[in-house]
Amino acid sequence: MARLYYRHGAMNSGKSFEILKVAHNYEEQNKDVVIFTSAVDDRASVGVVATRVAGMEREAIPLDDTSNAFEIVQAMEGRPYCVLVDEAQFLSRDHILQFTQIVDDLAIPVIAYGLKNDFTNNLFEGSKNLLLYADKIEEVKTICWFCHRKAMMNLRLLNGRPIYEGEQIQIGGNESYYPVCRRCYVTAEEKIAQMNEERI
C-alpha cells in the first residue's frame, strides 16, 4: 500500500544524501523514480539535489507556486515506482495535498525530506502540513555542532554569531546554520566564544 512518508531532520543530517541513496536503490532494480525539490533552494542550482556528504548531485523537478506535482506525475508516460521530495519544508500546503493525491489516487509512495522547524523553532508551511497529512513520520538524526546530544534545532548565524530574529527563509549551508540540541541553542553565544578561544 502506497504511503506518504515525511522524514525530517536538522541541518546536516544527510537528508539529501538519503534521497540520492533511495533513488539509486530503486534505479538499480530498474524501477524509475521522480525527484522533486523546492524552487526556492538554489544552493547548488534551482532544480538540483546536491549533498555535501559525498559530493553527489542530480537534477530534480523544481516546484514553485504555479507547479502541480500531481498533474506532473499523472501526465508521465510510465508511472514511477516512487516519488522523492527534497527541501519539502519550503513547499506549500497545496503541494503537500498534491502528494497525498499521488499516494491515494495513483498508488505511488511519496517520501518527502525536509527540516521540521525554522531557526526560531516555528514550523515551516510544508513541514506543518506534512506533520498533518503524512502516513508515517520519521526522524533523520544527527548530532549537535557543539556537544554529543541529538540536534533538534537549526541555529542561524550572522558573521559567526547566533541570531534569533529575521526572515523565515534564508538559504545557506554551514556558514549560516548549525544543527544544535535544545540546550546549545540557548547557550550558543557562549559556546561559540569558547570555540574561538580554543582556536587562539
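What you are looking at is a predicted structure, and each value in this text was computed from that prediction instead of being measured.

Draft legend 1. Looking closely at the overall build of the protein chain. The secondary structure content of the protein chain amounts to six helices and 11 strands. Here the protein chain has a C-alpha radius of gyration of 18 Å; the compact-globule value for 200 residues is 16 Å, and the two agree. Here the C-alpha coordinates of the protein chain stretch approximately 60 × 30 × 30 Å along the principal axes. Looking at the protein chain as a whole, 48% of its 200 residues are labelled buried. Taking the intrachain contacts of the protein chain between residues at least 6 apart in sequence as the baseline, contacts between residues at least 24 apart amount to 75%. Accessible surface for the protein chain amounts to roughly 10600 Å². Of this, 45% is attributable to carbon and sulfur atoms. Distance between charge centroids for the protein chain: 9 Å, based on 22 positive and 29 negative side chains.

Draft legend 2. Layout of the pattern of salt bridges. Per the counting criterion, the structure on display carries five salt bridges. Measuring nitrogen to oxygen at the nearest pair gives 2.7 Å for the salt bridge that ties Glu189 to Arg161. Of the two residues, Glu189 is situated in helix 6 (residues 188-199) and Arg161 in strand 10 (residues 161-163); the sequence distance between them amounts to 28 residues.

Draft legend 3. Molecular detail of the sheet that holds strand 9 (residues 153-158). The strand order 10-9-11 describes an open sheet built from three strands, whose pairing is antiparallel. Only two strands of the sheet have a single neighbouring strand rather than two, namely strand 10 and strand 11 (177-180). Taken over all neighbouring pairs, the strand axes of this sheet differ in orientation by 45° on average, direction set aside. Bridge count for strand 9 against strand 10 is three bridges, and the pairing is antiparallel. Counted as the bridge partner of Leu157 is Pro162 from strand 10.

Draft legend 4. The arrangement of helix 4 (residues 125-133) in detail. Listing the buried residues of helix 4 in full gives Gly126, Ser127, Asn129 and Leu130. Projection of helix 4 onto a plane perpendicular to its axis shows the buried side chains occupying an angular sector of 165°, all on one side. Check the buried side of helix 4 and you find it contacts strand 1 (4-8), helix 3 (93-106) and strand 7 (110-114).

Draft legend 5. Seen up close, helix 3. Taking 1.5 Å per residue as the helical rise, helix 3 with its 14 residues ought to reach 20 Å, and the 19 Å between its terminal C-alpha atoms agrees with that figure. What helix 3 keeps buried is the set His95, Ile96, Gln98, Phe99, Thr100, Ile102, Val103 and Leu106.

Draft legend 6. Region of the structure containing a negative patch on the surface. The grouping of Asp64, Asp65, Asp94 and Glu125 at the surface amounts to a negative patch. Mapped onto the secondary structure, Asp64 falls in the loop between strand 5 (61-63) and helix 2 (69-74).

Draft legend 7. Region of the structure containing the packing of aromatic side chains. As enumerated under the stated definition, the model contains five aromatic pairs in all. Ring geometry for Phe36 against Phe99: centres 6.4 Å apart, planes inclined by 45°, an arrangement best described as tilted. With a gap of 63 residues between them, Phe36 in strand 2 (residues 33-38) and Phe99 in helix 3 connect regions that are remote in the sequence. Neither Phe36 nor Phe99 differs from the other in exposure class; each is buried. A ring pair is formed by Tyr164 and Tyr185, whose centres lie 5.1 Å apart and whose planes are at 80°; its orientation type is edge-to-face. With a gap of 21 residues between them, Tyr164 in the loop between strand 10 and strand 11 and Tyr185 in helix 5 (residues 182-186) connect regions that are remote in the sequence. For Tyr164, a relative accessible area of 35% puts it in the partly exposed group. These aromatic residues form a ring-pair network of at least three members: Trp145, Phe146 and Tyr178.

Draft legend 8. A look at the side chain of Ser176. Mapped onto the elements, Ser176 comes out in the loop between strand 10 and strand 11. For Ser176, a relative accessible area of 9% corresponds to the buried category.

Draft legend 9. Region of the structure containing the packing of helix 3 against helix 4. Put simply, helix 3 and helix 4 touch, their axes get as near as 8 Å, and they point 35° apart. Where helix 3 crosses over helix 4, the handedness of that crossing is right-handed. In this structure, helix 3 uses Arg93, Ile96, Leu97 and Thr100 to contact helix 4, whose residues at the interface are Glu125, Gly126, Asn129, Leu130 and Tyr133.

The rules behind the values
Residues numbered from 1 in each chain as written. Predicted model: local features only at pLDDT ≥ 70, side-chain atom pairs only at ≥ 80, totals over all residues. Heavy atoms only, no water. Helix = DSSP H or I, 4+ residues; strand = E, 2+ residues; numbered from the N terminus. Rg over C-alpha atoms; globule rule 2.2 N^0.38 Å. Buried < 20%, exposed > 50% of the residue type's maximum accessible area, 1.4 Å probe, protein only. Contact = heavy atoms within 4.5 Å. Areas by Shrake-Rupley, 256 points an atom, 1.4 Å probe, with all protein chains shown as cover. Lys, Arg positive; Asp, Glu negative; His and termini not counted. Charge placed at Lys NZ, Arg CZ, Asp CG, Glu CD. Salt bridge = Lys/Arg side-chain N within 4 Å of Asp/Glu carboxyl O. Pairing = 2+ DSSP bridges. Axes fitted to C-alpha atoms, helices over the stretch in contact; angles between N-to-C directions. Arc of directions from axis to C-beta. Expected span 1.5 Å × (residues − 1). Patch = residues over 30% accessible without salt bridge, like charges linked within 9 Å, V, L, I, M, F, W, Y side chains within 5 Å. Phe/Tyr/Trp six-rings, centres within 6.5 Å; stacked < 30°, edge-to-face > 60°. Left-handed = near helix turned anticlockwise from the far one by under 90°.

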